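What follows is the residue order along each chain.
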Amino acid sequence: MIDVAAYLVFFLCLALIYGLVCLGLNLQWGFAGLFNVGVVGFFIVGAYTVAILASPAAADRVGGFGLPIPLALLAAMAAAGLVAFVVGIPTLRLREDYLAIATFGIAVTIQLVALNWETLTGGTHGRVSIPRPLASVFVDRVNANLFFLAVTLAVVGTADWALERMVRSPWGRVLRAIREDETAAGALGKNAFAYRLQAFVIGSALMGLGGGLYASFIGYVGADDALPTLTFQIWVMLIVGGSGNNKGALIGAVSVWGLWSFSGWFMAAVLPSAFAVRAGALQVILIGLVLATVLLLRPKGLVGEEAVVSRGARVE
Amino acid sequence: MTLAIWLQSILDGLVIGATVSLGAIGITLTYAILRFANFAHGEFITWGGYFALAVLGAVAGSQDLKALLGGPFEPFSFGWPLIVATLASILAASALALILDAIYFRRLRRAKIAIASVIGAFGAALVLRNLVVLGYGADPEYFSREIQIAIRFGPGLRITPDQIALVFVTALLVVSLHLFLTRTQMGRAMRGVRENPDLASVSGIDVAAVIRATWVIGASLAAVAGVLIGLTIQLRPSIGFDLLLPLFAAAVLGGIGSIYGAVLGGLVIGVSESLAVMLIGPEYRAAISFGVLFLILLVRPQGILGARA
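Residues numbered from 1 in each chain as written. Chains lettered and ligands numbered in written order. Predicted model: local features only at pLDDT ≥ 70, side-chain atom pairs only at ≥ 80, totals over all residues. Heavy atoms only, no water.

**Focus on the overall build of chain B**
The line we're drawing: By definition, any uninterrupted DSSP run of H or I lasting at least four residues is a helix, any uninterrupted run of E lasting at least two residues is a strand, and each is numbered from the N terminus. Just to be clear, the radius of gyration here is over C-alpha atoms, and the globule rule we use is 2.2 Å times residues to the power 0.38. Each residue's exposure class comes from its accessible area (1.4 Å probe, protein chains only) as a fraction of the maximum for that residue type: buried when under 20%, exposed when over 50%, partly exposed otherwise. Exposure was quantified through the Shrake-Rupley algorithm and a 1.4 Å probe, taking into account, for residues, occlusion by the shown protein chains and nothing else. Asp and Glu count as negative and Lys and Arg as positive, but His and the ends of the chain are not part of the count. Charged side chains are reduced to one point each, which is NZ for Lys, CZ for Arg, CG for Asp and CD for Glu.
Of the regular secondary structure elements, chain B holds 12 helices and 2 strands. Its helices and strands taken in sequence order, chain B reads α-α-α-α-α-β-β-α-α-α-α-α-α-α from the N to the C terminus. Over its C-alpha atoms chain B spans a radius of gyration of 19 Å, differing by no more than 12% from the 19 Å that the globule rule assigns to 309 residues. Along the first, second and third principal axes, the C-alpha atoms of chain B reach 55 × 50 × 40 Å. Counting over 309 residues, chain B shows a buried share of 53%. Accessible surface, chain B: about 13,200 Å² in total, of which carbon and sulfur atoms supply 67%. With 20 positive and 15 negative side-chain charges, chain B shows a separation of 11 Å between the mean positions of the two kinds.

**Side note on the packing of aromatic side chains**
Put simply, the test is: Think of it this way: a Phe, Tyr or Trp ring, Trp meaning its six-membered ring, pairs with another when their centres are within 6.5 Å, and the plane angle makes it stacked under 30 degrees, edge-to-face over 60, tilted otherwise. A ring is considered to have a charge above it if a Lys NZ or an Arg CZ atom is located within 6 Å of its centre and within 35 degrees of its normal.
Applying the stated rule across the entire model yields 33 aromatic pairs over all chains. One aromatic cluster in this structure is built from Phe104(A), Phe232(A), Phe39(B), Phe122(B), Phe241(B) and Phe248(B). Against the face of Phe148(A) rests Arg132(A), its NZ or CZ located 5.3 Å from the ring centre. Above the ring of Phe241(B), the side-chain terminus of Arg129(B) is found at 4.3 Å from the ring centroid.

**Topic: the packing of helix α6 (residues 141–168) of chain A against helix α7 (residues 170–180) of chain A**
A pair of packed helices can be characterised by two numbers: the angle between their axes and the separation between those axes. All names here are of chain A. Going by this rule: Axis definition: a line fitted to C-alpha atoms, limited for helices to the stretch in contact. Angles are taken between N-to-C directions and run from 0 to 180 degrees. By definition in this entry, angles of less than 35 degrees are roughly parallel, angles greater than 145 are roughly antiparallel, angles of 65 to 115 are roughly perpendicular, and the rest are oblique. Note on definitions: a residue-residue contact is assigned when non-hydrogen atoms from the two residues lie within 4.5 Å.
Where α6 contacts α7, the axes come no closer than 4 Å and their chain directions differ by 70°. Overall, the two elements α6 and α7 adopt an arrangement that is roughly perpendicular. Along its contact with α6, which presents Met-166, Val-167 and Arg-168, the element α7 presents Pro-170, Trp-171, Gly-172, Arg-173 and Arg-176.

**With respect to a nonpolar patch on the surface**
What counts here: Each patch is built from residues lacking any salt bridge and having more than 30% relative accessible area; the joining distance is 9 Å for like charges and 5 Å for nonpolar side chains (Val, Leu, Ile, Met, Phe, Trp, Tyr). Should a side-chain nitrogen of Lys or Arg be within 4 Å of a carboxyl oxygen of Asp or Glu, the pair is scored as a salt bridge.
The grouping of Leu82(A), Phe85(A), Val86(A), Ile89(A), Leu295(B), Leu298(B) and Val299(B) at the surface amounts to a nonpolar patch, some 660 Å² of accessible area in total. Mapped onto the nonpolar patch, the elements with two or more residues apiece are α3 (69–91) of chain A together with α12 (285–299) of chain B. Element by element, the count of residues in the nonpolar patch is highest for α3(A), at 4 residues. Counting through the fold element by element, Ile89(A) comes out in helix α3.

**Regarding the side chain of Thr91(A)**
Where we set the bar: Here a polar contact is recorded for every N or O atom pair within 3.5 Å, except that within protein the pair must consist of a potential hydrogen donor and a potential acceptor, and residues adjacent in sequence are included only if both atoms are side-chain atoms.
For Thr91(A), the position within the fold is in helix α3. By relative accessible area, Thr91(A) is classed as buried at 1%. At 2.6 Å, the side chain of Thr91(A) and the backbone oxygen of Val87(A) are in polar contact. Not counting chain neighbours up to four residues away, the residues in contact with Thr91(A) comprise Tyr98(A), Leu99(A), Ala102(A) and Leu297(B).

**Some thoughts on the interface of chain A and chain B**
Stated formally: By buried area we mean the combined loss of accessible area, with a 1.4 Å probe, across both parts when two parts are placed together. Gly falls in the polar group here, along with every residue not listed as nonpolar (Ala, Val, Leu, Ile, Met, Phe, Trp, Tyr, Cys, Pro) or charged (Asp, Glu, Lys, Arg).
Of the residues lining the interface, 41 residues belong to chain A; the matching set on chain B comes to 44 residues. When the two sides are added together, the surface that chain A and chain B hide from each other amounts to roughly 3,700 Å², 82% of it contributed by carbon and sulfur. Where chain A packs against chain B, one counts 0 salt bridges. Elements with a contribution of two residues or more to the side of chain A that touches chain B: α3, α4 (96–116), α10 (229–241) and α12 (276–297) of chain A. With 14 residues, α4(A) is the largest single contributor of residues to the side of chain A that touches chain B. Residues that form the side of chain A that touches chain B fall into these classes: 31 nonpolar, 6 polar and 4 charged.

**Looking at the confidence of the model for chain B**
Caution applies to low-pLDDT regions: their predicted coordinates should not be interpreted in detail. What counts is decided by this rule: Each residue carries a pLDDT score, the predictor's confidence in it, ranging from 0 to 100.
When the pLDDT values of chain B are averaged, the result is 88; 97% of them are 70 or greater. Within chain B, no element has a lower average pLDDT than helix α3 (residues 63–69) of chain B, which sits at 80, and none a higher one than helix α9 (residues 207–232) of chain B, at 93.

**A look at the packing of α4(A) against α12(B)**
The line we're drawing: Helix crossings are classified by the rotation of the near helix relative to the far one: an anticlockwise turn of less than a right angle makes the crossing left-handed, while a clockwise turn makes it right-handed.
Viewed as axis vectors pointing N to C, α4(A) and α12(B) meet at an angle of 145°, and their least axial separation amounts to 9 Å. For the element pair α4(A) and α12(B), the recorded crossing hand is left-handed. Note on element contacts: α12(B) touches α4(A) through Ala286(B), Ala287(B), Phe290(B), Leu293(B) and Leu297(B), opposite Tyr98(A), Ile101(A), Ala102(A), Gly105(A), Ile106(A), Val108(A), Thr109(A) and Leu112(A). Tallied by class, the residues present in the contact of α4(A) with α12(B) amount to 11 nonpolar, 2 polar and no charged.

**Some remarks on the environment of Gly66(A)**
All names here are of chain A. Structurally, Gly-66 can be placed in the loop between α2 (39–54) and α3. Overall, the relative accessible area of 46% leaves Gly-66 in the partly exposed class. The spacing of Gly-66 and Val-128 is 62 residues in sequence and 13 Å in space, taken between C-alpha atoms. Sequence-distant contacts of Gly-66, that is, excluding residues within four places in its chain, are made with Leu-53, Ala-54 and Ser-55.

**Points about unusual backbone geometry**
Residues and elements named next belong to chain B. One non-glycine residue with positive phi stands out, namely Arg-35, at about 65°. With respect to the helices, strands and loops of the structure, Arg-35 is situated in the loop between α1 (3–34) and α2 (41–60). A relative accessible area of 31% places Arg-35 in the partly exposed class.

**As for α1(B)**
All names here are of chain B. The test is simple: To estimate how far a helix should reach, multiply one less than its number of residues by 1.5 Å.
A rise of 1.5 Å per residue sets the reference length of α1, with its 32 residues, at 46 Å; its end C-alpha atoms lie 45 Å apart and thus fit the reference within 8%. Most of α1 is tucked away: 23 of the 32 residues are buried. Arg-35 sits one or two residues past α1 and shows a positive phi near 65°.

**What to know about the pattern of salt bridges**
Considering all chains together, one arrives at 9 salt bridges over all chains under this definition. Its salt-bridge partner being Arg109(B), residue Asp101(B) comes within 3.0 Å of it at the nearest N-O pair. Judged by relative accessible area, which is 5%, Asp101(B) ranks as buried. For Arg285(B), the salt bridge is made with Glu273(B), and the minimal N-O distance between the two is 3.2 Å. Remark: Glu273(B) occurs in helix α11 (residues 259–280) and Arg285(B) occurs in helix α12; sequence separation between them is 12 residues. Note on Arg285(B): relative accessible area 28%, which makes it partly exposed. It is possible to trace a salt-bridge network through shared partners that takes in Asp160(A), Glu164(A), Arg168(A) and Lys247(A).

So this is what it looks like as structure tokens:
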């Protein structure tokens, strides 16, 4: 029973971290209609930023400044946001598919950097000894995980609260107006490019924050964490939960991560270890079929887009 | 470094670029006619290669078929078995594309959210790739394990007979496609739908048939690309996915919707990758496509041969 509870805490930490990434994607796609196929790129930039800034110094590695985690997390958001800014400038003026192709490209490029720039990223060995917040206080494993869950909950809660305020503000209204009809919004004097760029940078910063939390939680980040499978998982979470709805994004993250973890555990229990590669393949196929089913049968997702109105206004 | 080494690098780039071109034609046609970025297109390359591998395996396992089809055509490493395998692979890849469209992409298109097709394709790509892993495992496979002796020519340049065949087959396919698009009724209908689908539809063009033709042409060229990669390099379940970025970069570089643009784009990407390997080493090869893509989007987003939207 204790084991189950301890696992549940561990599971929820990861699920909520992915939920945070999913909230970032929801701002981009659900509210601004921006198609980011490079989620993992922004995630991993955040993860390495925390690894470089917060871990203790190590030989033949750049960084190791031992900065406090909160500072490192802020830097992770800034770094991922900066990457988004640079990618956004040439692509956000073009047709939506170009952003998809360009973000896919940046994620592939960042994956190569993760793999090959060893002094910065540790290459295939990755970067280790990334501390958790208040690691000296919460030494016991169970308590440490519980405390981290509390931290994650606080971060996700804050992000959710801030995003809800933002999408209900005039800023959020313009964002949805541009998504629905760019010409009409333009005729009202709204600069679509600027709003898109803001939403893209803020969403990517949240992905970077998720990556930073992940690095701190696991204590390690390596090139294996930069695979495009993560982008796919986050998208499935958003589509299953219902894009355009922050609660949906979080529900999608917990349920899809639950399905992913359970199917992984089940296949490891049933199949002999020689089939590990094939079991991993089956897991991706399963999630892919879930995505296809939801897209075909329930394109609005479990929750669907919520009618968002300004504070004080009422929906009939 | 001598001139010969640079020329050799350009030559190798052109050979790789030829297969990129074949894939990029499919990307550009799907984008222009079906109007979505098909992230699953690379999987037709992978499946094409593995379909051919399966047929080659069946031929090698049967004494009768082996006797009927005979050995390789000297100096190439392949003979009738590979030609039969390629034709079978073209049919199988086309069937796969048509089935996927019938049960999946057609319904996503009906949802009228362009992006449902794109994320749907991204999901389909991962499922298709992992089905190959499920069947064949993740280790590389080869059509033939024999090492080919390269032909030497000019100022110390080398090319294998199989690579010459690859370039020749690519050129033949591009010319055939050109003739098809300009000289046949279906080709004209496809160009009509590319320019204006609504007008094409009211003019009595069978848009459903045009869509089927687009899938068949794209999947067939991709299947041939997969066979050529299996012939000259090796097959891995990730070849299609790894080629996706070069394919998109080639299609965007050439100008979306332009066949010759896709060919030109493929060759430019191939040569750029090859030269980049010489200059900065092989580690960042795949990032070259992104660099080219980023630059073209910044300075000329309609591509080299594309018309301004």
